[in-house]
Amino acid sequence: MSHSAVQKFIDATRALFAVESDPAKRWQKMPPLLEELLANPAIKEQSKSWPDCSQGSERAENLLFYEDPDYKFVINGLIKAPKTRTQIHDHAHNWTLYGVLDGTETIERYKRVDDRSKADYAEIRKTVNVKVGAGKIDLVPPYEIHAEESGDERTVAIIVRAEKAGGFLQGRYDPVTNKYWQGYGPKQLPYELK
Ligand SMILES: [Fe+2]
């Protein structure tokens, strides 16, 4: 990890994790750290060469920039081609901090309104539908239901997760049929930041 802005972010995150062990408190203190990284012009310039990630029908892709050997948090890149929509999903138990580095996108949040008595079934209602641009940071607590859609241009996000996604099941939701199912989170594509 040679990019100085990213290394500074890693150092600050490790320092925070060392003194704060409560996950909710930890993650609520993270946005200012990511804000500083997103404001760095060098990282934004570098991101112009990052490859697009697929949002395939079952599993999306993330670039994997870093996994912390001690605290296990990871730094991902998510680059969406214009007019690309994610599935409506949750991240299971994994805390996620999502920051827009370039472009604009629409963030949607949903709440679940059924009584969870039926397997493979979930009723959800949209509660948030907001267009955001560079610098916007969204803290996504465990099991929050959400989706994102890029605007007319390519959208780049830097995502910090409590642990690497892809190795455990996460919820997925279809609001038209009320189908609920689980699938593995995004494939992690190692990508070296220069
Ligand atoms: Fe997500």
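Structural data are supplied above this passage.
None of the values given here were measured: they were computed from a predicted structure.

Focus on the overall build of the protein chain
Here is step 1: In terms of regular secondary structure, the protein chain is built from four helices and 12 strands.
Here is step 2: Whereas a compact globule of 194 residues would reach a radius of gyration of roughly 16 Å, the protein chain reaches 16 Å, a difference of no more than 12%.
Here is step 3: For the C-alpha atoms alone, the extent of the protein chain along its principal axes is close to 50 × 40 × 25 Å.
Here is step 4: Across the 194 residues in the protein chain, those meeting the buried criterion constitute 32%.
Here is step 5: When contacts within the protein chain are restricted to residue pairs at least 6 apart in sequence, those whose partners lie at least 24 apart make up 75%.

Here we look at unusual backbone geometry
Leave glycine aside and you will find that most residues have negative phi; peptide bonds, for their part, are mostly trans.
Here is step 1: Of note in this structure, Lys-83 is not a glycine but carries a positive phi near 55 degrees.
Here is step 2: Within the secondary structure layout, Lys-83 lies in the loop between strand 2 (74–80) and strand 3 (88–89).
Here is step 3: A residue is classified by how many C-beta atoms lie within 10 Å of it, and Lys-83, with 11 of them, is exposed.
Here is step 4: Here Asp-120, not a glycine, exhibits a phi torsion of approximately 60 degrees, which is positive.
Here is step 5: Within the fold, Asp-120 resides in the loop between strand 5 (105–112) and strand 6 (124–132).
Here is step 6: You can call Asp-120 exposed: it has 9 C-beta atoms within 10 Å.

Considerations on the sheet that holds strand 4 (residues 96–102)
Here is step 1: Strand order in the open sheet formed by six strands is 7-4-9-2-1-12, with mixed pairing between adjacent strands. The outermost strands of the open sheet, each flanked by one partner alone, are strand 7 (137–140) and strand 12 (187–190). Each strand of the sheet is rotated relative to its neighbour by a mean of 30 degrees, with strand direction disregarded.
Here is step 2: In this sheet, strand 2 lies alongside strand 1 (residues 61–67) in antiparallel orientation, the contact comprising four bridges. Along strand 2, the bridge assignment pairs Leu-64 with Asn-76.

Side note on the pairing of strand 1
Here is step 1: Within strand 1, six of the seven residues are buried, which leaves the element mostly enclosed by the surrounding structure.
Here is step 2: Following strand 1, the chain reverses through six residues before pairing antiparallel with strand 2; Lys-72 in that reversal takes a positive phi of roughly 75 degrees.

Let's talk about helix 3 (residues 31–38)
Here is step 1: Of the positions making up helix 3, those classed as buried are Leu-33, Leu-34, Leu-37 and Leu-38. For helix 3, the angular spread of buried residues about the axis comes to 135 degrees, placing them on one side.
Here is step 2: Where helix 3 is buried, its residues meet helix 1 (4–19), helix 4 (41–47), strand 4, strand 7 and strand 9 (155–161).

Considerations on the nonpolar core
Here is step 1: Counting residues in each nonpolar core, the largest one holds 33 residues, and the members touching the most others are Leu-34, Ala-157 and Ile-158.
Here is step 2: At the level of secondary structure, the elements contributing two or more residues to this core comprise helix 1, helix 3, strand 1, strand 2, strand 4 and strand 9.
Here is step 3: Here this core gets five residues from one element, more than from any other, and that element is strand 9.

Parameters and conventions
- Residues numbered from 1 in each chain as written.
- Predicted model: local features only at pLDDT ≥ 70, side-chain atom pairs only at ≥ 80, totals over all residues.
- Helix = DSSP H or I, 4+ residues; strand = E, 2+ residues; numbered from the N terminus.
- Rg over C-alpha atoms; globule rule 2.2 N^0.38 Å.
- Buried ≥ 20, exposed ≤ 12 C-beta atoms within 10 Å, placed from the backbone.
- Contact = placed C-beta atoms within 7 Å.
- Pairing = 2+ DSSP bridges.
- Axes fitted to C-alpha atoms, helices over the stretch in contact; angles between N-to-C directions.
- Arc of directions from axis to C-beta.
- Core = buried A, V, L, I, M, F, W, Y, C linked by C-beta atoms within 7 Å.

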